[in-house]
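Letter by letter, the chains look like this.
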Amino acid sequence: MASNAKACACPWVDRLHLLVALMLLVVAVAGMAPVAAAEAAFDENYEVQWGADGYHLVVGGTEVNITMDQSSGAGFRSKSMYGSGFFHMRMKLPANGYTAGVVTTFYLISQPEDGNRDEIDFEFLGDKPGVPITLQTNVFVNGRGDREQRLHLWFDPAADFHDYKILWNPYQLVMYVDDTPIRVLRNLTAAVPGYPFPAKQTMLIRASMWDGSGWATDGGRAKVDWSEGPFTAGYRCFDVNGCAATSGGGTAATPTTTPCSSPDLWWNGGEYRNITAEQRAAYEGVMRKYVNYDYCADRARFPNNIVPIECNYAA
């Protein structure tokens, strides 16, 4: 199912299709071999946040490997803060067999990272051999999370690289695996008092791998087994399609003064204000076939079985 997303120049070329076509035409006329569009190098838009010892985080131009052992994990972050965008990362998870307790992430988070933060999470929770890796998503608004959804994917995320995307604009939040929506939250704050949506704080892009033995697998009963390590995850696709708040708008590479809510930014355009009928069918299929935990269905965890307000509105 196609999302029509222009999330990144790998494997797509963002907003350059016409230019590339013209270049290829010129190349063909000149009888020269076409040259592929270059992917962004890691250090164009990102920087190491922790684990910068040359082992736990290794930058190889357009690919980064994060390794976790008993001494440390590692993480990186975007250089800019963003107020909207279509964010994308290609990831390949650790393929050790036993990965219980290992947490591998890609997420957006506001600053400072305190009790008032906004956050949008992809968290991959490792497990024992023969048990699928769990993808947990979560959304924090003004410091309140507890909005977990968990699913087992329809493929092995440790076998190869796949695309993980976050569309975040003034109208909706959509999380994709490859081109399939797996989580949708509309922005109903104007119509529904108390409705939570991460609309007021700018956010960084972050990624990391760390020891989640205390909670990640079987409620913390299955810990990281360091004899099975080290554990290594790969990251690719370091282009950013987002409104860089440090400059007012645009991308990190080409800032403008456009407000982050402007319809002139393509990810805020009409085709990105609602999911399509095809996307909705795919999303409903994921919820039906692959989701094994949804906080909205766990009424026992809420006082008087009253679920949070957003659970009463269809995506």
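Values in this document were obtained by computation on a predicted structure and should not be read as measured data.

Thoughts on the overall build of the protein
What the protein contains, in helices and strands, is three helices and 18 strands. Out of the 315 residues belonging to the protein, those deemed buried represent 51%. Summarising the internal contacts of the protein: among those between residues at least 6 apart in sequence, 67% fall at separations of at least 24. When the accessible surface of the protein is summed, it comes to about 14,000 Å², and 53% of that surface belongs to carbon and sulfur atoms.

Thoughts on the nonpolar core
Residues F76, F106, F122, F124, Y164, W168 and Y235 are the most contacted members of the largest nonpolar core, which totals 52 residues. With four residues, the top contributor of residues to this core is strand β5 (residues 82-92). In terms of nonpolar packing, the next biggest core, distinct from the first, is built from 13 residues, F86, L265, W267 and Y283 among them.

A look at the state of the cysteines
Considering all chains together, one arrives at two disulfides under this definition. One disulfide bridge connects C243 with C260, the sulfur atoms lying 1.9 Å from each other. Because the sign of the S-S torsion sets the handedness, a value of about -80° for the bond joining C243 and C260 places this disulfide among the left-handed ones. Within this pair, whereas C243 is found in strand β15 (residues 241-244), its partner C260 is found in the loop between β17 (255-256) and α3 (277-289), the two being separated by 17 residues in sequence.

Some details on the environment of G234
With respect to the helices and strands, the residue G234 is situated in strand β14 (residues 231-236). Sequence-wise, G234 and A158 are 76 residues apart; in three dimensions their C-alpha atoms are separated by 9.6 Å. Setting aside residues no more than four positions away along its own chain, G234 makes contact with V64, N65, R90, M91, K92 and F161.

Let's talk about empty space enclosed by the protein
Scanning the model with the defined rule gives one cavity of 30 Å³ or more in all. Taken as a whole, the largest cavity encloses approximately 50 Å³ of empty space. Contributing to the lining of the largest cavity are L93, P94, T99, V102, T104, F124, L125, G126 and I133. Put simply, the parts of the chain that give the lining of the largest cavity at least two residues each are β6 (102-109) and β7 (119-125). Of the residues assigned to the lining of the largest cavity, the class counts are six nonpolar, three polar and no charged.

Description of the confidence of the model for the protein
Per-residue pLDDT for the protein averages 89, and the proportion of residues at 70 or more is 84%. Taken as a whole, residues 12-36 scores under 50 in pLDDT and shows 19 contacts with residues more than four places along the chain or in a different chain. Counting interchain partners and residues more than four positions distant, the pLDDT-below-50 stretch residues 247-254 has 29 contacts.

Calculation criteria
- Residues numbered from 1 in each chain as written.
- Predicted model: local features only at pLDDT ≥ 70, side-chain atom pairs only at ≥ 80, totals over all residues.
- Heavy atoms only, no water.
- Helix = DSSP H or I, 4+ residues; strand = E, 2+ residues; numbered from the N terminus.
- Buried < 20%, exposed > 50% of the residue type's maximum accessible area, 1.4 Å probe, protein only.
- Contact = heavy atoms within 4.5 Å.
- Areas by Shrake-Rupley, 256 points an atom, 1.4 Å probe, with all protein chains shown as cover.
- Core = buried A, V, L, I, M, F, W, Y, C linked by side-chain atoms within 4.5 Å.
- Disulfide = S-S within 2.5 Å.
- 1 Å grid on protein atoms, 1.4 Å probe; cavity = no way out; pocket = protein on both sides within 12 Å on 5 of 7 lines; lining within 4 Å.
- Points joined across faces, edges and corners; volume = space filled by probe spheres on them.
- Nonpolar A, V, L, I, M, F, W, Y, C, P; charged D, E, K, R; others polar.
- pLDDT = per-residue confidence, 0-100.

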